[in-house]
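Okay, here's what each chain looks like letter by letter:
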Amino acid sequence: MSDIVLEVKDLVKEFDGETILNGIDLQIEKGEVVVVLGPSGCGKSTLLRCMNGLEEVRSGQILLDGEPVEKGARNIYKIRQRIGMVFQSYDLFPHKTILDNITLAPIKVQKRNKADAEREAKELLERVNLAEKADAYPRQLSGGQKQRVAIVRALCMHPEIMLFDEVTAALDPEMVREVLDVILELANQGLTMVIVTHEMSFARAVADRVIFIDDGKIVEENSPEQFFTSPKTDRAKAFLNTFEFEPARHKEAEFSI
Amino acid sequence: MQDLGISILFKGTNFLRLLGGLGITLKISLISAALSVPLGIAFGMFMTIKNPVTRAISRIYLDFIRIMPQLVLLFIVFFGATRMFGWNLSNEFSAIFVFAMWGTAEMGDLVRSALISIPKHQYESAEALGMTKLQTYFQIIIPQTLRRLIPNTINLVTRMIKTTSLVVLIGIVEVMKVGQQIIDANRFEYPTAALWIYGVIFFLYFFTCWPISIVAKKLEAKWKN
C-alpha cells in the first residue's frame, strides 16, 4: 500500500445538475504510467482536473500520499506543488521569458535559490532541445516548443506525479511527435504519470495501464496490449473501432469501369 | 495699434498667468487621475465578482456616471450638495471629487474588460504550479492586465485633462478662464487677442498631453508581447 501515490475514492462530480463523473475509483502507484481514454465528453479531462483540485467535487475523495486534494482547502497550494499539470493550451505566461516562466514558481512558491532554479531550468531545457530559447518569449515559439516548455515548467517543481491533459490536441500533426517523445522519455525515467490523450499508438506505447471511461464511469481497466488487441467490453471495442476506416468505395469503382 | 497680436502674451504677466491657469487645470486633472487609477483598479476587480448584487451595484454606478454629462455632475455636487445638505464644498474639491468619480467608473470598466480578457487558463496554470490567489494576481494577472491597460488609461487621462475646462462653470479660474480674462481686458487694444490666446492655450494643452502619449507609446513598445 505504501507505494500508492494518488488515490481516487468513489469520486462524483456534477456540473449544472449533470453528472460528469459517477463513482470513480482509481489507484496510481509510484512509477506507473496510467493512460485515460474515452470518447469526448466522457469526463476524462474533468477527472484529471479534479486530481489537481481545480474542480469542486460532489462527493468522494482524492488523496495524494494520504493527504486530501480538495479545491478551496487551505493547504491546496502546498499539495499542488507536488502535482505537475500540463494543459492542452500550454498557457505559458506571455509577459515572461521562457526561463522566467520555468523558474517563477520554484523561486516564488518554493522559495528556492534563483541561481539553482535557473541552472536546473537550463538543464531541463537542454533535455528537450530548447536550450537556445531560454531568453525568448513564448510568442516566438511554435506550439510544440511551447508545450515542451510547459512540461519543463511543471517538471522544475519536482512533482511526485504529472498530469497531462490532452497535451497534443491543439498541435499541428508534425509537432505532436516532439512532445510525445518528451513524455515517453519521462516514462522511461520512472516518473509517475496520468495521461489523457487521443493518440492511440502513443497510448499503447507509453501506458502501463489503460483506463477506459465512458459516461463518467470506468468501463474497462486493462493492460495496453490487451486493451488494444482484445478489449474486454463491447463499449471499448466500439470506441476503438471509431479509429479504423474502411477503404473508400470509389477506389473499387475505378477498377470496374 | 498695428503690431502683431502676439505681443499681448508679453504684456504684463499674461503668459505667467496663463501658465498659472494651466497649473490649476493640471492640479485638478492629475489629482483626479491619480485617485481614479487605484480606485478604478479596485472597482474593476469588484465588477468581475460573480454576484448579482455586486453586479447590479457596479452596473448602476457605471451607467449613472457615464450617462450624466460631467457638467451636470459638477453642478449636482457643487450646488446641489450645498442646497441639500448645507455642505460648503470648495469648487476645487467638488471638481476633483466629480472627476475622480468619473475616472473611477471609466477606469473600472477598462480594468474589468482587461481582467476578463485574460484567459481562464492563465489562472489555472498559475494555480497548478502551486501559486496562491495573491501570487497568481501579482505575478501573472496584474502584469498582463497593466500591459493591456496602458493605451486606454492614457487616453482616459488626456480626456480628463481636456474635460477639466468645464470647471470654469463652477467658478474655478483655470487656463481657459485666464485666457478669457486676458482677451476681455484687452478687447480694444488687441482686437485679434482671441486668436493668439486661444492658439497658445491649444499649444499648452498639446504639450501637456503629447509627452503623456509618448511615454505610453514607449511603454507599449517595451511591453509588446
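Note that the structure is a prediction, hence the values are computed from the model and not measured.

Outline the overall build of chain A, supporting the account with residue identities and numerical values.
The helix and strand tally for chain A stands at ten helices and ten strands. Relative to the globule expectation of 18 Å for 257 residues, the C-alpha radius of gyration of chain A, 20 Å, shows essentially globular dimensions. Along the first, second and third principal axes, the C-alpha atoms of chain A reach 70 × 50 × 35 Å. The buried share among the 257 residues of chain A stands at 53%. Here the analysis covers contacts within chain A between residues at least 6 apart in sequence; of these, 66% occur between residues at least 24 apart. Carbon together with sulfur atoms contributes 45% to the accessible area of chain A, which is approximately 12500 Å² in total. Looking at chain A, you have 33 positive and 43 negative side-chain charges, and the mean spots of the two groups are 6 Å apart.

For the pattern of salt bridges, give the residues involved together with the corresponding values.
Taken as a whole, this structure holds 28 salt bridges over all chains when the rule is applied. The partner of A:Arg209 in a salt bridge is A:Glu32, with the nearest N and O atoms 2.8 Å apart. Placement of the pair is A:Arg209 in strand S9 (residues 209–214) and A:Glu32 in the loop between strand S2 (18–29) and strand S3 (33–37), with a sequence separation of 177 residues. Shared partners join several salt bridges into a network, and the residues in it are A:Lys13, A:Arg49, A:Glu55, B:Lys120 and B:Glu124.

So what about the confidence of the model for chain B? Which residues, and what values?
Looking at chain B, the pLDDT average stands at 86 and 97% of residues meet or exceed 70. Confidence metrics for the complex model read pTM 0.77 and ipTM 0.83.

Residue-level account of helix H7 (residues 175–185) of chain B, with values.
Residues and elements named next belong to chain B. Buried residues of H7: Val-175, Val-178, Gly-179, Ile-182 and Ile-183, and no others. All buried residues of H7 fall inside an arc of 135° around its axis, so they share one side. As for H7, its buried residues are in contact with helix H1 (14–47) and helix H8 (193–222). Between a side-chain oxygen at the N-terminus of H7 and the backbone nitrogen of Met-176 the separation is 3.1 Å; the capping residue is Glu-174.

Before we move on, can you summarise unusual backbone geometry with the specific residues and values?
Residues and elements named next belong to chain A. Phi angles above zero are rare outside glycine, and Asn-129 is one such case at about 60°. Tracing the sequence through the fold places Asn-129 in the loop between helix H4 (114–127) and helix H5 (143–155). Classification of Asn-129 as exposed rests on a relative accessible area of 58%. Here the phi dihedral of His-158 falls at roughly 55°; this positive angle occurs in a residue that is not glycine.

Run through the pairing of strand S4 (residues 59–64) of chain A, naming residues and quoting values.
All names here are of chain A. Taken together, the five bridges between strand S1 (residues 4–15) and S4 define a ladder with antiparallel strand orientation. For Glu-7, the partnering residue across the bridge sits in S4 and is Leu-63. Direction of pairing for S4 relative to strand S5 (residues 67–68): antiparallel, over a ladder of two bridges. Within S5, the position partnered with Leu-64 by the bridge is Glu-67. Hairpin connection between S4 and S5: a loop of two residues separates the two successive antiparallel strands, and Asp-65 in this loop has a positive phi of roughly 50°.

Which residues make up the sheet that holds S2(A), and what values go with them?
Strand order in the open sheet formed by four strands is S2-S1-S4-S5 (chain A), with antiparallel pairing between adjacent strands. Since the sheet does not close on itself, it has two edges, and those belong to S2 and S5 of chain A, each with one partner.

Describe the interface of chain B and chain A, with residues and values.
With 21 residues of chain B at the interface, the matching set in chain A holds 26 residues. A combined buried area of about 2100 Å² lies between chain B and chain A, and 57% of that area is made up of carbon and sulfur atoms. The interface formed by chain B and chain A includes two salt bridges. Where chain B meets chain A, there are six residue pairs in polar contact (both at pLDDT 80 or more).

Outline the pairing of strand S6 (residues 83–86) of chain A, supporting the account with residue identities and numerical values.
Residue and element names in this part refer to chain A. Residues Ile-83 and Met-85 point to one face of S6 and Gly-84 and Val-86 to the other, with burial holding for every one of them. Pairing geometry for S6 and strand S7 (residues 161–165), over four bridges, is parallel. Its bridge partner lying in S7, Gly-84 is registered against Met-162.

Parameters and conventions
- Residues numbered from 1 in each chain as written.
- Chains lettered and ligands numbered in written order.
- Predicted model: local features only at pLDDT ≥ 70, side-chain atom pairs only at ≥ 80, totals over all residues.
- Heavy atoms only, no water.
- Helix = DSSP H or I, 4+ residues; strand = E, 2+ residues; numbered from the N terminus.
- Rg over C-alpha atoms; globule rule 2.2 N^0.38 Å.
- Buried < 20%, exposed > 50% of the residue type's maximum accessible area, 1.4 Å probe, protein only.
- Contact = heavy atoms within 4.5 Å.
- Areas by Shrake-Rupley, 256 points an atom, 1.4 Å probe, with all protein chains shown as cover.
- Lys, Arg positive; Asp, Glu negative; His and termini not counted.
- Charge placed at Lys NZ, Arg CZ, Asp CG, Glu CD.
- Salt bridge = Lys/Arg side-chain N within 4 Å of Asp/Glu carboxyl O.
- pLDDT = per-residue confidence, 0-100.
- Arc of directions from axis to C-beta.
- Polar contact = N/O pair within 3.5 Å; in protein donor to acceptor, adjacent residues only side chain to side chain.
- Pairing = 2+ DSSP bridges.
- Buried area = accessible area lost by both parts, 1.4 Å probe.

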